Amino acid sequence: MKLRTAFLAGLAALALSPRDALASPLFELAGGTLGQGGFNASVTAPGAASTYFNPALLADSDQEFDVGLLVLSDQTSLTLDGRPGGDVPTLVGDRTLLDPRTHAPIPNYTMPTQWLEHGCSTGSCAGSPFAARPRQAAGTGQSTLSYTSIGLVSRVLDGFLVLGLHALVPNGDFTQLHSFYNDEREQFFSNSLHPELYSDRLTATSLAFGAGSRLSRHIAIGASFTLSLSNAAAASTYVSDPVDYKKLLLDNRVGVTTAVAPHFGATYTPIDRLRLSAALHTEQKLVLKTGISATLPSGTESRTTITEVHDFVPWMIILGGAYDVNPGAAHLVSVAWTMAYEAWSEYLDRHGQRPDSYGAQLAWKDVITGSLGVRYTHGPLRAFLDGSIRPSPVPLQVGRSNYVDNDRVGAALGVDYETRLFSRRFRFGIGGQAQRLIARHQAKQDALMVDEVPDGALDRNLQPVASARGLQTNNPGWPGFASDGWILGTSIWASLIY
Amino acid sequence: MHQAHIRTPPRLLLALGWASAIGCAHDRILPVTSVCGDGVVTGSEECDTTSPGCTSCHVTDGWQCTDDTCTPICGDGKVQGGEQCDPPDGTSCNESCELVSRPVGCNLTGYFAVKQTNYSRDTIVNQVQTSSNWYFYRFSQSGSTFQVDQALTCGIHVTGTVDVSLDDGGLAALLYANRQDGKGAHGPRRGTFVPTASGNGCELSFDRWYMVRGVDEPTFLPADFAAHPDLASLPPLPKPVDPLTPAASIPGATDPDGDGLLGLALHLSGNLQGLRSVAQRDWNEVSTAPDAPIAENAGEFTATSVFDSQESVLSVTQCQPAICSLLLAGGVPARDIPGRVKFRYLGQSLSDPAVAAIAASAPGDDVNADLQTCKNVRAAMPHEPYMQ
């Protein structure tokens with residue numbers, strides 16, 4: 001009883017833990033890639049992968065050590081509609097266009113479209129040559145990455161507590177974070193659109209620790225957390241020459257702390273052939289806070305703090321079950337199903353903005369995802385086949401924002417085989433998955449865009465600029481864009497059961 | 001096109017099967033059907049405007065098109081469009097490809113468009129600031145002496161660490177300020193234009209002239225320009241208690257542009273943005289360099305200028321609070337970079353083609369017409385930022 005009380009106290013402590021943790025978008029995308037979990041890992045296939053998906057399942061897991069290799073290929077295609085005009089005039093490069101009403105200079109938040117497409121060399125622009133940033137020349141929707149999968153399950157305290165660890169570690173480049181803007185501000189950087197929920201999110205290092213315990217014959221509970229580093233940096237600069245940053249003096253201070261986000265699970269087995277499961281995953285995100293200060297030779301100081309949010313995964317509730325169709329049969333067949341409520345309306349993008357800041361009609365929505373699959377066991381051979389559907393939480397991007405996402409359907413399959421080697425039990429498996437990003441086109445509504453050069457703008461001679469009439473925007477998503485693609489994956493793994 | 005980025009050893013991918021075989025997705029941009037004549041530059045169009053410089057939506061040889069307009073390239077040796085000559089030769093053909101014919105000998109009589117370019121350094125990061133001041137003059141010369149008969153002050157533009165421009169109110173306020181034509185408290189401004197000792201041209205000397213902006217002229221201008229007093233010896237420019245809080249009244253300060261803020265409103269853009277209302281005082285004098293005489297029949301020539309200036313920032317507004325204090329920074333003359341004044345002869349009478357192309361009417365007859373004349377002067381002699 002004391003053990004049980006201590007375990008429950010531990011769960012409560014987890015619930016009160018800090019939340020700025022490394023998110024696990026990779027776990028959510030790829031599903032269980034060690035063993036037979038697939039897209040139903042929250043309800044079936046107890047093993048190391050259960051540590052993240054539903055730690056209560058750890059209570060039914062063998063003691064095992066797993067290692068595997070996962071390859072994921074993100075093949076997202078972006079097709080941008082051609083620009084029928086709407087160019088920001090080259091006069092903007094003079095930085096002397098005036099607002100027709102206030103005669104104040106228009107803000108510095110735009111560049112001549114021609115400069116973006118073709119660059120600007122000394123002589124035609126005021127400063128050093130400006131490098132071209134052609135539209136969609138720096139997209140990030142295609143990459144193939146490999147990961148090492150590691151899993152460990154160990155029973156302690158006479159088997160009352162089952163500890164689990166599951167990690168997916170990218171091989172090669174470690175975690176990458178790309179804080180692109182989702183509107184016309186991206187013109188100054190990549191001038192391209194990027195998949196919102198894939199791309200750099202696929203490089204996240206996913207690491208989960210947890211424990212499960214069977215409280216009775218019918219009930220098991222578990223808790224786990226994803227672990228990461230949280231970063232805070234202060235960049236102090238002395239700007240001796242604003243047009244020659246080679247002379248910039250920089251004094252950085254970086255602080256790194258660990259952070260966790262807890263997850264909880266429970267299973268209920270009313271009869272031997274049926275197991276019902278529930279899991280709660282709390283919100284996960286990686287927050288980077290950067291304080292920037294600049295000191296000028298005049299003694300003037302300016303400072304700001306920029307907060308970025310990466311790898312956001314909303315809180316979600318997962319319910320499901322697994323049912324043995326023919327219990328005790330030599331060719332055992334089971335079905336598994338999962339439904340998840342995902343609170344994407346809470347989403348924070350890479351600049352910590354909520355999508356509804358672009359307008360209520362552009363707010364993201366909560367979604368319900370579903371998976372259905374079948375498991376087959378015959379002696380040492382196991383196999384599974386899952387299908388899943390996941391509607392996009394992102395509404396049609398008819399305004400300033402360019403969140404690229406698609407409805408997604410997918411299938412996963414896998415097979416493993418248990419054998420004895422060196423007097424030890426081993427299991428070897430292979431799996432694959434294909435997820436289709438269903439084609440989607442979205443056309444912008446000009447009235448919802450930012451007219452970066454107001455109508456009637458005046459030049460330095462206070463003459464109206466004809467090319468300011470109508471909409472001028474360098475929003476790379478204007479006048480519309482389409483996206484589709486595939487997420488493809490394959491994995492192999494080996495487990496030592498001890 | 002953006003190609004698949006492979007971060008995994010290819011052999012491994014092959015071993016793992018089909019994941020390596022599907023790296024075929026790519027980004028693309030759909031072509032746009034261009035409609036020549038719709039006024040919108042799309043697709044392969046280079047221009048889309050009604051002009052002989054834009055033929056079938058492609059730039060005609062010898063022309064250049066930007067945004068809304070096409071103009072012939074002055075200097076390519078082809079006389080076309082509105083050009084009267086090409087290329088400019090510094091004497092009979094000026095830099096706008098207009099024919100000019102000055103009176104024979106060292107005689108400045110006639111209408112001139114003038115751009116004075118001075119250099120200063122800001123007090124923040126010591127960067128060079130280029131300021132252009134434009135004027136429209138009618139000179140008359142008798143003997144070796146010439147004087148200003150008519151003058152318009154056509155505005156200021158500054159580029160560098162920050163860009164400075166005036167609004168309509170500011171341009172109108174400067175138009176007849178610090179009169180050089182003798183209709184004010186001083187002047188007319190005079191100078192000499194005489195043959196050099198060696199007889200290889202003419203040399204120019206344009207008297208020192210003092211100017212103030214945003215303050216009361218009688219109080220802050222010297223009584224005797226010819227005495228060449230230092231600016232520091234004159235009554236100090238008015239200073240506000242706190243320029244971050246615009247004051248309703250500062251002794252000596254005026255609101256020449258009528259924007260409700262004391263001082264002349266300078267609109268700052270570029271690296272810093274905001275409105276700086278200032279009181280200014282400066283002087284300048286112009287002369288030819290000893291080794292650079294002016295050709296007797298030159299339609300366009302350049303002289304050197306020296307200047308000194310003072311500025312008091314009366315208020316800064318329309319700025320981000322964090323950077324408002326940066327707008328208080330001013331500049332000091334860059335003594336190592338000589339200023340220059342470009343004179344462009346236009347003609348003897350208002351009906352001469354080059355004068356008529358600039359002057360909307362006789363100077364002083366109509367404010368709106370004179371503002372238009374000034375705009376034409378600025379367009380004909382564009383600001384040239386300092387290039388290292």
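None of these values were measured; they are calculated from a predicted model.

Caption draft 1: Structural detail: the overall build of chain A. A count of helices and strands for chain A gives 4 helices and 16 strands. If you line up chain A on its principal axes, its C-alpha atoms span 90 × 45 × 40 Å. Each of the 498 residues in chain A was classed as buried or not, and the buried ones make up 54%. The contacts in chain A between residues at least 6 apart in sequence include a share of 72% that link residues at least 24 apart. Averaging the positions of the 38 positive and the 44 negative side-chain charges in chain A gives two centres separated by 6 Å.

Caption draft 2: Looking closely at the pairing of strand 1 (residues 64-80) of chain A. Here strand 1 of chain A lies mainly inside the structure; 15 of its 17 residues are buried. Sheet topology note: the strand 1 of chain A/strand 2 (residues 142-156) of chain A ladder contains 12 bridges and is antiparallel. The residue bridging Val-71 of chain A from the neighbouring strand is Ser-146 of chain A, located in strand 2 of chain A. As judged from the 17 bridges shared by strand 1 of chain A and strand 16 (residues 480-497) of chain A, these two strands associate in the antiparallel manner. Directly across from Val-71 of chain A, in strand 16 of chain A, lies its bridge partner Thr-490 of chain A. As paired strands, strand 1 of chain A and strand 2 (residues 28-29) of chain B are joined by 2 bridges and run parallel to one another.

Caption draft 3: Quick peek at the domain arrangement of chain B. Looking at the assigned domains, one finds that chain B contains domain 1 (33-72) and domain 2 (110-380). Centre-to-centre, using C-alpha coordinates, domain 1 of chain B lies 37 Å away from domain 2 of chain B.

Caption draft 4: Seen up close, the state of the cysteines. Residues and elements named next belong to chain B. Enumeration over the complete set of coordinates arrives at 8 disulfides over all chains. At a sulfur-sulfur separation of 2.0 Å, the disulfide partner of Cys-65 is Cys-70. Between Cys-65 and Cys-70, the S-S torsion sits near 110 degrees, and that sign places the bridge as right-handed. Residue classification places Cys-70 among the buried residues on the basis of a relative accessible area of 12%. Disulfide pairing is shown between Cys-106 and Cys-202; the S-S distance is 1.9 Å. Between Cys-106 and Cys-202, the S-S torsion sits near -90 degrees, and that sign places the bridge as left-handed. Separated by 96 residues along the polypeptide, Cys-106 in the loop between strand 6 (69-72) and strand 7 (110-122) and Cys-202 in strand 12 (residues 202-213) bring together distant segments of the chain.

Caption draft 5: Structural detail: unusual backbone geometry. Note the cis peptide between Trp-478 of chain A and Pro-479 of chain A, where omega equals 10 degrees. Along the chain, the position of Pro-479 of chain A falls in the loop between strand 15 (424-443) and strand 16. Cis geometry marks the peptide bond from Gly-187 of chain B to Pro-188 of chain B; its omega dihedral reads 10 degrees. Topologically, Pro-188 of chain B is positioned in the loop between helix 2 (168-175) and strand 11 (190-195). Phi at Cys-97 of chain B is positive, roughly 60 degrees, even though this residue is not glycine. Along the chain, the position of Cys-97 of chain B falls in the loop between strand 6 and strand 7.

Caption draft 6: Representation of the environment of Val-128 of chain B within the structure. All names here are of chain B. Along the polypeptide, Val-128 turns up in strand 8 (residues 128-142). Between the C-alpha atoms of Val-128 and Thr-161, which are 33 residues apart in sequence, the distance is 7.5 Å. Beyond its immediate stretch of four places on either side in the chain, Val-128 contacts Tyr-119, Ser-120, Arg-121, Thr-159, Gly-160, Ile-337 and Tyr-386.

Caption draft 7: The arrangement of the confidence of the model for chain A in detail. Per-residue pLDDT for chain A has a mean of 89; in total, 93% of the residues score no lower than 70. Overall, residues 6-21 of chain A carries pLDDT values under 50, and its contacts beyond four positions in sequence, including any with other chains, amount to 40 contacts.

Caption draft 8: Main features of the pattern of salt bridges. In the structure shown here, the tally under the stated rule is 31 salt bridges over all chains. Note that Asp-308 of chain B is salt-bridged to Arg-335 of chain B, the shortest N-O span being 3.5 Å. Of this pair, Asp-308 of chain B sits in strand 15 (residues 300-317) while Arg-335 of chain B is found in the loop between strand 16 (331-333) and strand 17 (339-347), placing the two residues 27 residues apart along the sequence. The exposure class of Arg-335 of chain B is exposed, given its relative accessible area of 61%. If you follow the salt bridges from partner to partner, you end up with Asp-62, Glu-418, Arg-425 and Arg-427 of chain A in one network.

Caption draft 9: Structural view of the interface of chain B and chain A. The partner chain A presents 67 residues to the 56 residues of chain B that form the contact. Summed over both partners, the interface of chain B with chain A buries about 4700 Å², with 56% contributed by carbon and sulfur atoms. Inspection of the region where chain B meets chain A yields 11 residue pairs in polar contact (both at pLDDT 80 or more). Elements with a contribution of two residues or more to the side of chain B that touches chain A: strand 1 (5-6), helix 1 (10-16), strand 2, strand 10 (162-165), helix 2, strand 13 (264-270) and helix 5 (367-380) of chain B. Classifying every residue of the side of chain B that touches chain A by side-chain character gives 25 nonpolar, 21 polar and 10 charged.

Caption draft 10: Structural view of a nonpolar patch on the surface. A cluster of nonpolar side chains, contributed by Leu-280, Trp-315, Ile-317, Leu-319, Met-339, Tyr-341 and Ile-368 of chain A, occupies part of the molecular surface with about 620 Å² of accessible area. Of all the secondary-structure elements, those providing two or more residues to the nonpolar patch are strand 10 (316-324) and strand 11 (332-342) of chain A.

Caption draft 11: Representation of helix 2 of chain B within the structure. All names here are of chain B. All buried positions along helix 2 are accounted for by Gly-170, Leu-171, Leu-174 and Leu-175. Axial view of helix 2: buried residues confined to an arc of 140 degrees, hence all on one face. On its buried face, helix 2 sits against strand 9 (145-159), strand 12, strand 13 and helix 5. In this structure Asp-167 caps helix 2, since a side-chain oxygen of it lies 3.1 Å from the backbone nitrogen of Gly-169.

Rules and cut-offs
Residues numbered from 1 in each chain as written. Chains lettered and ligands numbered in written order. Predicted model: local features only at pLDDT ≥ 70, side-chain atom pairs only at ≥ 80, totals over all residues. Heavy atoms only, no water. Helix = DSSP H or I, 4+ residues; strand = E, 2+ residues; numbered from the N terminus. Buried < 20%, exposed > 50% of the residue type's maximum accessible area, 1.4 Å probe, protein only. Contact = heavy atoms within 4.5 Å. Lys, Arg positive; Asp, Glu negative; His and termini not counted. Charge placed at Lys NZ, Arg CZ, Asp CG, Glu CD. Pairing = 2+ DSSP bridges. Domains from an automatic or database assignment. Disulfide = S-S within 2.5 Å. pLDDT = per-residue confidence, 0-100. Salt bridge = Lys/Arg side-chain N within 4 Å of Asp/Glu carboxyl O. Buried area = accessible area lost by both parts, 1.4 Å probe. Polar contact = N/O pair within 3.5 Å; in protein donor to acceptor, adjacent residues only side chain to side chain. Nonpolar A, V, L, I, M, F, W, Y, C, P; charged D, E, K, R; others polar. Patch = residues over 30% accessible without salt bridge, like charges linked within 9 Å, V, L, I, M, F, W, Y side chains within 5 Å. Areas by Shrake-Rupley, 256 points an atom, 1.4 Å probe, with all protein chains shown as cover. Arc of directions from axis to C-beta.

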